Every structure is written in structure tokens, then in C-alpha cells.
Number of protein chains: 4
Amino acid sequence: MGTNGMPHVVHVGLNGGPTYWNVWASKYVPTGHAVSNLADIKLIVFDVDGVLTDGTIIVDDQGTESKRFYVRDGFAIKAAMSMGLKVAVLTGRSTRAVAVRLTELGVEYLIQGSHNKAVGIETICQMAGVGLEETAYLGDDLVDLPAMLICGYPMAVADGVAEVRGEAKYVTAVPGGRGAARDAVEHILKAQGRWDELVERYAI
Amino acid sequence: MGTNGMPHVVHVGLNGGPTYWNVWASKYVPTGHAVSNLADIKLIVFDVDGVLTDGTIIVDDQGTESKRFYVRDGFAIKAAMSMGLKVAVLTGRSTRAVAVRLTELGVEYLIQGSHNKAVGIETICQMAGVGLEETAYLGDDLVDLPAMLICGYPMAVADGVAEVRGEAKYVTAVPGGRGAARDAVEHILKAQGRWDELVERYAI
Amino acid sequence: MGTNGMPHVVHVGLNGGPTYWNVWASKYVPTGHAVSNLADIKLIVFDVDGVLTDGTIIVDDQGTESKRFYVRDGFAIKAAMSMGLKVAVLTGRSTRAVAVRLTELGVEYLIQGSHNKAVGIETICQMAGVGLEETAYLGDDLVDLPAMLICGYPMAVADGVAEVRGEAKYVTAVPGGRGAARDAVEHILKAQGRWDELVERYAI
Amino acid sequence: MGTNGMPHVVHVGLNGGPTYWNVWASKYVPTGHAVSNLADIKLIVFDVDGVLTDGTIIVDDQGTESKRFYVRDGFAIKAAMSMGLKVAVLTGRSTRAVAVRLTELGVEYLIQGSHNKAVGIETICQMAGVGLEETAYLGDDLVDLPAMLICGYPMAVADGVAEVRGEAKYVTAVPGGRGAARDAVEHILKAQGRWDELVERYAI
């Protein structure tokens, strides 16, 4: 968590750094996909629009933008962190609404304005001190592919585009903004044998 | 109703009181589930997010949060109260939008910011002078389980999570925010033989 | 249209007038349902929540309320008026959002805050100079029954409650807020042999 | 792009110009529908309400209007322009929210307040220097028919009204506001053999 209780916020653009950009430009062969055991996953990275939301962007006549998050996704994100998993958010757009909601949830790593998600996920892994092969990513659209192709465990939302679902090791049962993040967290915690531990906190 | 026409608002946190917290920590065996006759239900308690709403939380760039309620749920809540049933609302989050809407409906008992819903529902029962065994609760997610497991008649919304639906004596036919509260009220009033009385107010 | 271009706005409460209220209290036998020919319909009255909207009420932390209307319903309302049908709106709640949207559409007759819709529809018919038997009404919930039972042609939205659908001479194919008003207008204009006239304005 | 980075905004009313209006009034026989090869399409024109949105119009108590756009439609519009296709928007209503969102996407041609879409699409074609026969249009309601009937490639959204779907050469698989614009762009780029080129930008 940042020194002031806000998430680490990094805005990465197309000139996000020569190293990453060069990697991208040279069609770097992904070293991900090496994970055979979900037990190794230490970090889950979520896209925002279409993943933590249903992809709708509400704009009013004053130019104010709103997003619709889902309360059970928020519960799952907090639960995952309370059980030791790290959670990050990586998005190509940039809105204050995202920072507000993620601060409420206590999410520590947030990159907005990322035009190259391969750069973005590598930056997050460095910040979090976690390897790419220990990282899962949940996406919905073409711009998520670069992150999905280099992380350890790529996942897609149920209503993701065909190209993205095709690259995913796991496709959630529900669409973005309607529990996809919850489903992904549940999928990983169950594979790690820890879901029951969460339920038992509430089932007295 | 509070002295100023607003609902009784109580914010209960994890330190909501040693008595309740001890009960919770010692895995108190629920004494609920003893009701065999819905005619004994005197109080209905609703969760907010995912029950009175569809679970979406709208956040704008100014950090203002909005919720979407359903007009027929509001009608049912007012109708239930007009027929002598007590209605309360118990939620883990805390927003002014909830207070605004519930004040409009005339709901008398509201607890926001409840991190332990076993504590919350017991507090509401004390405020309302109703026994836990005379109380129904409508929930959707894991955090609702502690309240559901100690009340007389636990109910779940159609799109509630599996663990919650599994503990419910009644699962509504429609999802949260789309008439689940209306369905629950109708279910109880019909079991009490009083639904026709309500319809006849309008069917001249 | 009112002198300032705004709709005629009348707020009718439970004390809306002794004549109407007495009629209501004495279980006045409806004289409606006498229309055998939709060609006689001169006025269509719409409920708002659940009919012109999907029934959701959006409330923010400042207490500001929003409603979601449907653009094709608006088109149908304007088209109906352009072909000589009168259009009115009758709602039990009262919000400025409704006045704003209906003013944009040019709707001439609007009653908000109506707690007795039998009183409400009779008032509208007097304002519009149209008989109850020449009036159609589109509703969704129990509070609409008093208006439906005394008008010439009661209609219900596809997702209306069972009691309301049961009293309707026509149930729309689509739910409230998703084209139900459009469907009702189309239904009446087709029965009057005038729908093609509308389409031909656009099919050059 | 306009001199200040905003889209070209033209408000065309019923008196949008004698030439166009005369054409319209005289039931001008459309010369469109002549395109046999989607490869000739150089310009895609989108309606707003019901096409770039799901047709809902959100109005609050201050009279502020909001619209809900879909992030994947925005991605497709930007992608189409990055591959050399021209994109325009033509709508009968007029809101600042549309200008805000389209400016963010970099859309160059925007006409709001168009009461005659035959006039509107001809004006856009002149601005863009593209022939009507090289222009595709995506609509949903009767008011879109005049534009659809004179352009080279009329398309309808999945939930468009029957009369509009009947005139379309292509009906999208998904409804307005939920990917219809994305589907239309994908349909055209695939027919032009260029979709894979887009995917390969992201599939390293």
C-alpha cells in the first residue's frame, strides 16, 4: 500500500520505457504458460472495462464518467487479499472512478492508461515482487492478449471476444461485471484448496 | 421511527459489543430454524447490495456512488409495513443513497457498516422488540450467512451464491434488484393468508 | 400544452376531491371495458416506473434520483401525437426527471404524486376532453388496477405482475422500459389501420 | 479533425437546406444498394441511441442526461480508423455526452439534431469526400430508414425494429450498446480481409 493509503498508481503510455517497448516490438516469445499447478499463483491481475464492469461507460452532459462495479467481485477481491493472494488492476483507460473503487477495496497495485499490457503486467510483477509465471490475468478483449500471452495463467470472462477466450486456460461461467472476477478468485482458491477456509469464516 | 422522521441508523463494526462478538467467536449454535409456521414471522430483514439492488455499484469520477433500487420492491416494503409487518435493512457497506431511499419508503430500522451480520440482526431484533425466531432474512452472499443461520426464516435471492441458496428455506423466483424483495414479501403474506387482502385494496 | 410550453402538471393526493374519492370508496362498478373497437381510442395513458422505465430507480449519495427511459418509446409517443392521438402520463411518485423527459417529448397531460389512479385517470380524461371509454391505459403493478378497471382499454407490460396482466385486454411483447410503450402504440395504430402511414413517412 | 481537435459538429434540422429537403419531399429514388463488394466501403456511419447505446436515456432530477456506451464498440471504432476506414456518427437528438465520448474516440464527423437522416448522411458524405455508394450505415429504428435506403450498405442491430432489419443487408449478432458497432466493424474488416491484421497487433 502506498504511503498515503492510496494504491500505487502508475500511468504507462506508449513510451512507457525503452526496455519494455523493445521487447514488445521484437515479438518477444512469451515464457509464460509454464505453470502446471494453480497452487503457484501468487498474484491475480484484472482488466477493468468488461471485466470488473460489464463494459458500459456512462457519460453525462457534464462529461462526468461513471462505471458500474459488482459488489460480489469486490468481496472476492478483498477475500483473496485477506488470504494472502496479491491483487492488481491494469487498464488502458484512465478514470478517477476506478481509483475510488479500488482504494475502497484496498487494492495495492493499479496501472491506468496502459497502452501496452505486456509492459503493464511486467511492471506490476516488478512492483509486487512476483514472477510472471506466478501471475494470473483476467481479460476480455484484444488489448488484453499481450498480458495474457506472457503470464502464467491467462483467464477470460464468459462474454470475452473469441480470440481472447481462445487463449485462456480458464473461461469464467459469468460475464464481466456480473461476477467474473469472483468466479476467477473462487476458481484459484478452490484449486489451492482454500475456498472452504473462506466459507467457514461465515458458516458458524 | 426516529425522532426526526429518519430511520434508526446504527453503525456496527467488528467491535460492535463484547457480548455479541463473544457469541460469534465461540461458534454459537444457532437456535433459529425452529419456526414451522410462517404465520409467526413479524419482521423481515433485507440486505442491500444484491438483494434490494442487482449488486452493481455505480461510481462516478467525483467519487459519488449510486444504487439502483426497484420500484416494485419499494411498493412491497410499504405494503408489508401497512399490514403490520416490521421491515429492517442490514448492510455491510455504508452509503447515503440507501438512507435516502429507505427514508422515502418509511423503513424504521437500518444498520449500515455491519461487519458481522449475526451481531447486526440481533441488534435489529432488540430494537424492534421481535425474537430472532420471528424474523426472516433475505440475503445473497457469504457475509449474509451468519444472519441467516440464526434467524427464524432464512431466504436467498434467485441469483445468490450457492452456499447461501443452500442454507435458505426459500429461494425467490427472481434475482436481487428485480423483484426479489417483492417476491419474499408476497411469499410471507400469502403464507399468512393476507395477500388477497392487499390485492383487494386495488381491485375495486 | 400549458401556457409556458410545459405539460399540464397536476398533483393529486389521497384527498384529491370528495367526488372521486367517494366513487373510489364506494367500490364504484367500472363502466369501462365497453369498447369493442380499438378505433374509438383517442387517448393513451402511461404509468412511469415499470412502464416507461424498467422499474429501477437510481439514487446517488446526494439524494439525486435518475430514471432510464427508452428512446424508441419516446419516438412512439411523439409519433402517436403527430397522428392525432392524445398521450398522458399518470404516476404515483413525483420526480423532476419525469417532467424533463415528457416536456422534451411534448406530452401534454402529466399527473405525478397520484395515490389513487382511478381519480387520476378521470382527472386526465376531463383535462383532455376524452371519455374513459375512449381511453387506453398501460400499467405494471397493483396500484395501476383502479385506472385499468375503469378505462376503455387496459393494457399491461410483459413483465407486469400477474394480477395486472390478468386484467389486461392486451399484454405487450416486451417489458417496461424496453419498448412496451412503443409496442402499445403500435398495437393501437395497427388496429386503427394507421401504422403503415407512419412507416411510409420514413420509407421513401 | 476540426481545428481545435473536436469533431466537425453540424446541427441539421428540418430546414437543413432546400436541395436536400426537396429531394426528400419528392420521394427521391435511392441510387444506393449498388455495392456488390464490401471492399468498396470507405465510411461507416453509426446512429447513437439504440446503436452505440442500448437505447436507454438516463435523466436525473437536475435534467442532466447520461448515455451508456460500450467499451468494445469504442475499441472497434478506433481500430477501424487506424486501418484507414472513415467513421461518422449521425443522430436525431443532441447531447453533450455524445460529443464527449466521440471526441475521446477521435471520431471526425458528427451530426446531431438531424431530423432527416437522408439529408444527414449526404452531408456527412460530402464532408468526408466519400460517395454514398461507398458508405455503410448502422441503424435501429424507423428514423434511420431514409439513410439506410440511400447508402451503399445498410446494416441493422440485432434488436432493431422489424422494418429496419428488413431493409438491412447485414444484421448484427448482438444488440445495440452491447457490441453491435464492434460486430459491424468486424463484419466489414473481415470482408475486406483485414481483420487478422488487427488481431496480429495484439497476438505477439
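Owing to the predicted nature of the structure, the values given are computational and were not obtained by experimental measurement. (Residues numbered from 1 in each chain as written. Chains lettered and ligands numbered in written order. Predicted model: local features only at pLDDT ≥ 70, side-chain atom pairs only at ≥ 80, totals over all residues. Heavy atoms only, no water.)

(A) Structural context of helix α2 (residues 71-82) of chain C. Residues and elements named next belong to chain C. For α2, with 12 residues, the first-to-last C-alpha span of 17 Å sits near the 16 Å given by 1.5 Å per residue. α2 sits mainly inside the fold: 9 of its 12 residues count as buried. Two residues or fewer after α2 comes G84, characterised by a positive phi angle close to 100°. (Helix = DSSP H or I, 4+ residues; strand = E, 2+ residues; numbered from the N terminus. Expected span 1.5 Å × (residues − 1). Buried < 20%, exposed > 50% of the residue type's maximum accessible area, 1.4 Å probe, protein only.)

(B) Structural detail: the environment of A:I121. All names here are of chain A. Mapped onto the secondary structure, I121 falls in helix α4 (residues 117-128). Since its relative accessible area comes to 0%, I121 is described here as buried. I121 sits 70 residues away from V51 along the chain, and the two C-alpha atoms are 16 Å apart. When near neighbours in sequence (up to four residues on either side) are disregarded, I121 contacts V45, L90, L132, T135, Y137, A147, I150 and C151. (Contact = heavy atoms within 4.5 Å.)

(C) Just the relation of the copies chain B and chain C, in detail. Note on the identical chains: chain B maps onto chain C by a rotation of 90° and an axial translation of 0.0 Å, with an RMSD of 0.0 Å. Both copies are brought into coincidence by an operation consistent with a four-fold rotation axis. When the interface residues of chain B are mapped onto chain C, a mere 7% of them are again interface residues, pointing to distinct binding faces. (Least-squares fit on C-alpha atoms with pLDDT ≥ 70 in both.)

(D) Inspection of the relation of the copies chain A and chain D at higher detail. With an axial shift of 0.0 Å and an RMSD of 0.0 Å, the rotation relating chain A to chain D amounts to 90°. Looking at the interface residues of chain A, only 10% of them are also at the interface in chain D, so each copy uses its own face.

(E) Up close: the interface of chain A and chain D. Of the residues lining the interface, 31 residues belong to chain A; the matching set on chain D comes to 27 residues. Summing both partners gives a buried area of about 2,500 Å² for chain A against chain D, and 55% of it is carried by carbon and sulfur. If you sort the residues of chain A by the area they bury against chain D, A:V59, A:D61 and A:L142 come out on top, with a joint share of 24%. Put simply, D:R72 and A:D140 hold a salt bridge, and the shortest N to O gap is 2.9 Å. Joining chain A to chain D, the criterion identifies 13 residue pairs in polar contact (both at pLDDT 80 or more). Elements with a contribution of two residues or more to the side of chain A that touches chain D: β3 (56-60), β4 (65-70) and α5 (145-150) of chain A. In terms of residues, the side of chain A that touches chain D owes the most to one element, β3(A), which gives 5 residues. When grouped by side-chain class, the residues that make up the side of chain A that touches chain D number 13 nonpolar, 6 polar and 12 charged. (Buried area = accessible area lost by both parts, 1.4 Å probe. Salt bridge = Lys/Arg side-chain N within 4 Å of Asp/Glu carboxyl O. Polar contact = N/O pair within 3.5 Å; in protein donor to acceptor, adjacent residues only side chain to side chain. Nonpolar A, V, L, I, M, F, W, Y, C, P; charged D, E, K, R; others polar.)

(F) Focus on the pattern of salt bridges. Residue and element names in this part refer to chain A. Scanning all chains against the criterion turns up 66 salt bridges over all chains. With its nearest N and O atoms 3.0 Å apart, the salt bridge here joins R68 to D54. Here the residue R68 occupies a position in strand β4, and D54 occupies one in the loop between β2 (43-46) and β3, the gap between them amounting to 14 residues. The same class applies to R68 as to D54, namely buried.

(G) Representation of the interface of chain B and chain C in the model. Opposite the 27 residues of chain B that make contact, chain C presents 30 residues. Summed over both sides, the interface between chain B and chain C buries roughly 2,500 Å², with carbon and sulfur atoms accounting for 55% of that surface. In this assembly, chain B and chain C are joined by 5 salt bridges. For the salt bridge of B:R178 with C:D54, the shortest nitrogen-to-oxygen distance reads 3.8 Å. In this structure, the connection of chain B to chain C is made through 13 residue pairs in polar contact (both at pLDDT 80 or more). Those elements that place two or more of their residues in the side of chain B that touches chain C are β4 (65-70), α2 (71-82), α3 (96-105) and α8 (195-200) of chain B. Tallying contributions element by element places β4(B) first for the side of chain B that touches chain C, with 6 residues. Split into classes, the residues belonging to the side of chain B that touches chain C amount to 13 nonpolar, 3 polar and 11 charged. Where β4(B) lies against strand β3 (residues 56-60) of chain C, 5 bridges are found, and the strand directions are antiparallel. Pairing of B:Y70 across the sheet is with C:T56, part of β3(C). (Pairing = 2+ DSSP bridges.)

(H) Fine view of the pairing of strand β3 (residues 56-60) of chain B. Residue and element names in this part refer to chain B. Across the 5 residues that make up β3, a large majority, 5, are buried. Side chains T56, I58 and D60 project from β3 onto one buried face, and the interleaved I57 and V59 project onto a second face that is buried too. Across 2 bridges, β3 lies against β4 in antiparallel orientation. Bridge pairing links I58 to S66 in β4. Counting the residues that bridge the hairpin from β3 to β4 gives 4 residues, and of these G63 lies at a positive phi of roughly 85°.

(I) Summary view of helix α3 (residues 96-105) of chain D. Those residues of α3(D) that sit buried are D:A97, D:V98, D:A99, D:R101, D:L102 and D:L105. Of the surrounding secondary structure, the elements contacted by the buried residues of α3(D) are β3 of chain A together with β4 (65-70), α2 (71-82), β5 (86-90) and β6 (109-112) of chain D. Looking at the residues trailing α3(D), positive phi occurs at D:G106, about 85°.

(J) Summary view of the side chain of D:T135. Following the sequence through the fold, D:T135 ends up in strand β7 (residues 135-139). Side-chain polar atoms of D:T135 contact the backbone oxygen of D:G131, separated by 2.9 Å.

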